[in-house]
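Spelled out, the chains give:
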Amino acid sequence: MSPSSLRPYGRVAVGALVLGLVAAVPAAPAAARGARGGIAWAACGERLECAQVQVPLDWSKPRGRTITLAVARHLASDPAHRIGSLLVNPGGPGDSGIAEVFSRGAQLDALTQGRFDVVGWDPRGSGSSTAVSCFASAAERAVFWGDLKVPSTRAEEPRYLARTVQLAERCGQRSGDLLRHISMADQVRDLDHLRHLVGDRRLTFFGESNGTLMGQTYANMFPGRVRAMALDGIVDPVSYNRGTAAALADGLTDTDEVWDRFLAACEAAGPSRCAMAGQGPVKPRVDAFLARLRRTPLPAPNATPPGVLTYGEVLTLAKYNVPAFPEAWPLVSGPMELAIQGDGSILKDLGAELSSDPVRLAFEQNVALTCADAPSQQAAAQWPGVVHELERVSRIGGRPFGWVAGAPCASWPARSAVRYTGPWDARTRTPILLISLKYEPNTPLSAARRVERRLDNAVLLVQDGVGHLTEKNPSACVDAALGAYLVGLRTPARGTVCASDREPFDPAFGQPLGQG
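Residues numbered from 1 in each chain as written. Predicted model: local features only at pLDDT ≥ 70, side-chain atom pairs only at ≥ 80, totals over all residues. Heavy atoms only, no water.

A. Geometry of helix H8 (residues 244–251). Extensive coverage of H8 is indicated by the burial of 6 of its 8 residues. All of the buried residues along H8 are Thr244, Ala245, Ala247, Leu248, Asp250 and Gly251. As for H8, its buried residues are in contact with helix H7 (237–241), helix H9 (255–269), helix H15 (383–393), helix H16 (398–406) and helix H17 (445–454). (Buried < 20%, exposed > 50% of the residue type's maximum accessible area, 1.4 Å probe, protein only. Helix = DSSP H or I, 4+ residues; strand = E, 2+ residues; numbered from the N terminus. Contact = heavy atoms within 4.5 Å.)

Below, the structure written as structure tokens:
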């Protein structure tokens, strides 16, 4: 396949792959009308309402300084049989609960038979709530980072490390007081306050990825207040609380296996569905390309602006855009094949998208929330060694994850005023439903099994598939089990394994069964 015939794949991919990182988040109204259920809601879309809620900055000082939580809900479509509110957190940490309600509220409403208002919020420190920001403007942020990319060589590491030290200092200068009060213990008290404001005696909660840490923290702080709790993409809180390096290492456990499954699925799909297939075994070709790139950057003559593509840039794209999103595998194969053939232009443009201001701001907030609950046990001078150890865990994800998501924590200027560090074995009245894909690049199945054993009352549902979160790899079996649990409090039999609806590279991947 010639480079010119590959370009349609790539130009589609530039827009599609970044969608998983930053969602368009509608701002909550500055003033709301029509108080109902303890929150003054205002219409902000079809069956959608938005509001702002004031909460204490420091929950130990309830009459002290307050901060704002931006909140949204999708109204139950069967209000006559409404059970209550389903509070949702999409993870991150720091992903927008408002965006979750806007994008998935109708889907979650259908899954639960219209019996719940679906309520989401931007956690403190992020999004449209009172948020961490380390720069006064997008322009200041752009100047700070300049053309700096994830290091490709050890010789480049000191410059990047110095910049992360400076970033931590800036975050402390601009958001110092807030940084001490954004831990999961603080967020869980916000969650319990929202539960009270929406009028629910006990919590019904759906958390994904880092939202599973929120759920486990709530269940252990307030076990008697849980009605139902479904968690998808399980974080092990014991590993997480051991510090930044341990948290990142646990999350990287299966990243390379999923990457290899991407390459194997590409080869099986053939060149009509995967641009890298049809020219010999795919994995050796990709491995050889990465080895060449590690030694020498690749020309990117048609990038905007033209330049070279580095090893660090490709690993960053691979970690953040590929294993977690099987729906994007056909799209990413085109730019990858172009790069294998010698033109890194489209991958370079994708890297520019990852350097956009919304993505960089989201990463700032993600880092702040990570450091709050998984503070680094290593100083900045030791961090390059941590990254080298993470590369032994994952050749694909260790370098970008270690530098982007972890390095600033080694210099972080604040420690949380309150952290919840266990115990993690509280018994809730209803079993907690744990859900995990079998091949999970961000939250491995092994973590879900540890959590199931540790919790006193939990059931693990496994989906035989790849990707991060079952939403990214639909399964009618998982949807039926999740709906039955949230509505009727019925858990699947222990040991249940659900099939995925379709395999990656199927042109109908992601569509409901019976379509496509």
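B. Region of interest: the packing of aromatic side chains. With the rule as written, the count across this model stands at 12 aromatic pairs. Ring centres of Phe262 and Trp329 lie 5.2 Å apart, and the angle between their planes is 55°; this geometry places the pair in the tilted category. Of this pair, Phe262 sits in helix H9 while Trp329 sits in helix H12 (residues 329–340); the two residues are 67 residues apart in sequence, bridging distant segments of the chain. A single burial state applies to Phe262 and to Trp329, both of which are buried. Between Tyr420 and Trp424 the ring centres are 4.9 Å apart and the planes differ by 90°, which places this aromatic pair in the edge-to-face class. With relative accessibility at 7%, the residue Trp424 sits in the buried group. Three or more aromatic residues link up through ring pairs in this structure, and these residues are Phe135, Phe144, Trp145, Tyr160 and Trp403. Taking the ring centre of Phe144 as reference, the NZ or CZ of Arg163 above it sits at 5.4 Å. In this arrangement the basic side chain of Lys319 is found over the ring face of Tyr320, its NZ or CZ atom lying 5.3 Å from the centre. (Phe/Tyr/Trp six-rings, centres within 6.5 Å; stacked < 30°, edge-to-face > 60°. Lys NZ or Arg CZ within 6 Å of the ring centre and 35° of its normal.)

C. Local environment of the pairing of strand E3 (residues 42–45). Alignment of E3 against strand E4 (residues 48–56), held across 3 bridges, turns out to be antiparallel. Each bridged residue has a counterpart across the sheet, and for Ala42 the counterpart in E4 is Cys50. As consecutive antiparallel partners, E3 and E4 are separated by 2 residues, and within that stretch Arg47 has a phi angle of approximately 60°, a positive value. (Pairing = 2+ DSSP bridges.)

D. Expanded view of the sheet that holds strand E13 (residues 458–466). Spatial strand order, E3-E4-E5-E7-E6-E8-E9-E12-E13-E14: 10 strands in an open sheet with mixed pairing. Looking at which strands have only one partner, the edges of the open sheet turn out to be E3 and strand E14 (497–499). Pairwise comparison of adjacent strand axes, ignoring direction, gives a mean angle of 25° for this sheet. Pairing of strand E5 (residues 66–74) with strand E7 (residues 116–121) involves 4 bridges; the strand directions are antiparallel. The residue bridging Val71 from the neighbouring strand is Trp121, located in E7. Here H17 sits on the sheet in contact with strand E12 (432–439) and E13, set at roughly 170° to E13. (Axes fitted to C-alpha atoms, helices over the stretch in contact; angles between N-to-C directions.)

E. Fine view of the state of the cysteines. The tally for this structure, following the rule as stated, stands at 5 disulfides. Covalently, Cys134 is tied to Cys171 through a disulfide, its sulfur atoms 1.9 Å apart. One quick way to see it: the torsion about the S-S bond of Cys134 and Cys171 is about 95°, and its sign makes the bridge right-handed. One end of the pair, Cys134, is in the loop between E7 and helix H3 (138–145); the other, Cys171, is in helix H4 (residues 157–179), and 37 residues separate them in sequence. As far as burial versus exposure is concerned, Cys134 and Cys171 are alike and both buried. Covalently, Cys371 is tied to Cys409 through a disulfide, its sulfur atoms 2.0 Å apart. Since a negative S-S torsion denotes a left-handed disulfide, the Cys371-Cys409 link at about -95° is left-handed. Linking Cys371 in helix H14 (residues 357–373) with Cys409 in the loop between H16 and E12, this pair joins segments that are 38 residues apart in sequence. Taken individually, Cys371 and Cys409 each receive the classification buried, so the pair is uniform in this respect. (Disulfide = S-S within 2.5 Å.)

F. Summary view of the environment of Cys477. In this structure, Cys477 sits in helix H18 (residues 476–488). Residue Cys477 is classed as partly exposed on the basis of its relative accessible area of 36%. Along the primary structure Cys477 and Val497 are separated by 20 residues, whereas in three dimensions their C-alpha atoms are 8.9 Å apart.

G. Up close: H15. Every buried residue belonging to H15 is among Trp383, Pro384, Val386, Val387, His388, Leu390 and Glu391, and all of these are buried. Elements in contact with the buried residues of H15: H4, H8, helix H10 (282–295) and H16.

H. Quick look at the packing of H9 against H10. Contact geometry for H9 and H10: axes closest at 8 Å, N-to-C directions at 130°. Here H9 lies oblique to H10, going by the angle between them. In this structure, H9 contributes Trp259, Asp260, Leu263, Cys266 and Glu267 to the contact, and H10 contributes Val282, Lys283 and Val286. (Parallel < 35°, antiparallel > 145°, perpendicular 65-115°, else oblique.)

I. Here's a closer look at the side chain of Thr244. Among the secondary structure elements, Thr244 is positioned in helix H8. Polar side-chain contacts of Thr244 include one of 3.2 Å to the backbone nitrogen of Ser376. Among all residues touching Thr244, those that are not within four sequence positions of it are Ala374, Pro375, Ser376, Trp383, Gly406 and Cys409. (Polar contact = N/O pair within 3.5 Å; in protein donor to acceptor, adjacent residues only side chain to side chain.)

J. Focus on the side chain of Arg104. Position of Arg104 among the secondary structure elements: in helix H2 (residues 97–111). Contact partners of Arg104, with chain neighbours within four places excluded, come to Phe206, Glu208 and Glu471.

K. How the structure looks around the environment of Val459. Here Val459 is to be found in strand E13. Among the residues examined, Val459 registers a relative accessible area of 3% and is labelled buried. A sequence separation of 10 residues divides Val459 from Arg449, and the C-alpha atoms of the two residues are 9.6 Å apart. Val459 has contacts with Pro431, Ile432, Leu433, Leu434, Glu452, Thr491, Pro492 and Arg494, leaving out every residue within four places of it along the chain.

L. Just the nonpolar core, in detail. Ranked by internal contacts, the top residues of the largest apolar core, which has 111 residues, are Leu87, Trp121, Phe205, Met229, Trp383, Trp412 and Leu434. Membership of the second largest hydrophobic core comes to 33 residues, among which are Cys274, Val286, Leu293 and Val314. (Core = buried A, V, L, I, M, F, W, Y, C linked by side-chain atoms within 4.5 Å.)

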